[in-house]
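Observations on the three-dimensional arrangement
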Amino acid sequence: AAINGTGSMRMHGFRLPVLLSQAADADPAVRVAASREIAAIAATISQLKKGDSQRPLVLPRTEATHQDFDRLTTHWQYEMRPAAPTLPHLPGAATG
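A quick note: this is a predicted structure, and the numbers were derived from the prediction, not measured.

Before going further, it helps to spend a moment on the overall build of the protein chain. In terms of helices and strands, the protein chain carries three helices and zero strands. In the protein chain, which comprises 96 residues, the proportion classed as buried is 28%. Here the contacts in the protein chain between residues at least 6 apart in sequence split such that 60% fall between residues at least 24 apart. With an accessible surface of roughly 6,400 Å², the protein chain has 58% of that area assigned to carbon and sulfur atoms.

As structure tokens, this is what we get:
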């Protein structure tokens with residue numbers, strides 16, 4: 001299940017830049033779609049971090065995997081996520 005989760009996050013990561021590049025001039029549906037991609041990436045990171053015994057969803061228990069995941073999480077949390085909604089009129093956009 002972790003492989004499916006990371007694959008889905010990768011696909012969201014491919015779609016997000018395309019949507020963000022179109023969001024400033026596009027109809028509201030594109031901006032909403034970009035917001036959904038942002039939320040989906042954040043939710044997948046959270047699910048991978050917490051795990052899910054029902055699926056089962058866990059990262060491999062290797063030091064290298066956890067270091068890579070920590071780097072990805074930090075990059076998303078402090079660089080990518082804050083930068084994404086800076087486009088005008090994107091729901092959840094930063095103001096000022």
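Moving on from the model shown.
We now examine helix α2 (residues 28-50). In a regular helix each residue adds 1.5 Å, so 23 residues correspond to 33 Å; α2 covers 33 Å between its end C-alpha atoms and thus fits that length. The set of residues buried in α2 consists of V30, R31, A34, S35, E37, I38, A40, I41, T44, I45 and L48. Looking at the residues trailing α2, positive phi occurs at G51, about 80 degrees.

All right, on to the pattern of salt bridges then. Counted under the stated rule, the structure contains two salt bridges. With a closest N to O distance of 3.2 Å, E37 and R15 form a salt bridge. You can see E37 sitting in helix α2 and its partner R15 sitting in helix α1 (residues 2-23), a full 22 residues away along the chain. The class of E37 is buried, set by a relative accessible area of 10%.

Across the protein chain, the average pLDDT comes to 77, with 80% of residues at or above 70. The spread of mean pLDDT over the elements of the protein chain runs between α1, the lowest at 77, and helix α3 (residues 63-83), the highest at 89.

What follows deals with the packing of α2 against α3. Between α2 and α3, whose axes approach to 11 Å, the crossing angle comes to 150 degrees. The orientation of α2 with respect to α3, classified from their angle, is roughly antiparallel. Between α2 and α3 lies a crossing whose hand is left-handed. In this structure, α2 uses I38, I41, A42, I45, L48 and K49 to contact α3, whose residues at the interface are F69, L72, T73, W76 and R81.

Basis of the calculations
- Residues numbered from 1 in each chain as written.
- Predicted model: local features only at pLDDT ≥ 70, side-chain atom pairs only at ≥ 80, totals over all residues.
- Heavy atoms only, no water.
- Helix = DSSP H or I, 4+ residues; strand = E, 2+ residues; numbered from the N terminus.
- Buried < 20%, exposed > 50% of the residue type's maximum accessible area, 1.4 Å probe, protein only.
- Contact = heavy atoms within 4.5 Å.
- Areas by Shrake-Rupley, 256 points an atom, 1.4 Å probe, with all protein chains shown as cover.
- Expected span 1.5 Å × (residues − 1).
- Salt bridge = Lys/Arg side-chain N within 4 Å of Asp/Glu carboxyl O.
- pLDDT = per-residue confidence, 0-100.
- Axes fitted to C-alpha atoms, helices over the stretch in contact; angles between N-to-C directions.
- Parallel < 35°, antiparallel > 145°, perpendicular 65-115°, else oblique.
- Left-handed = near helix turned anticlockwise from the far one by under 90°.

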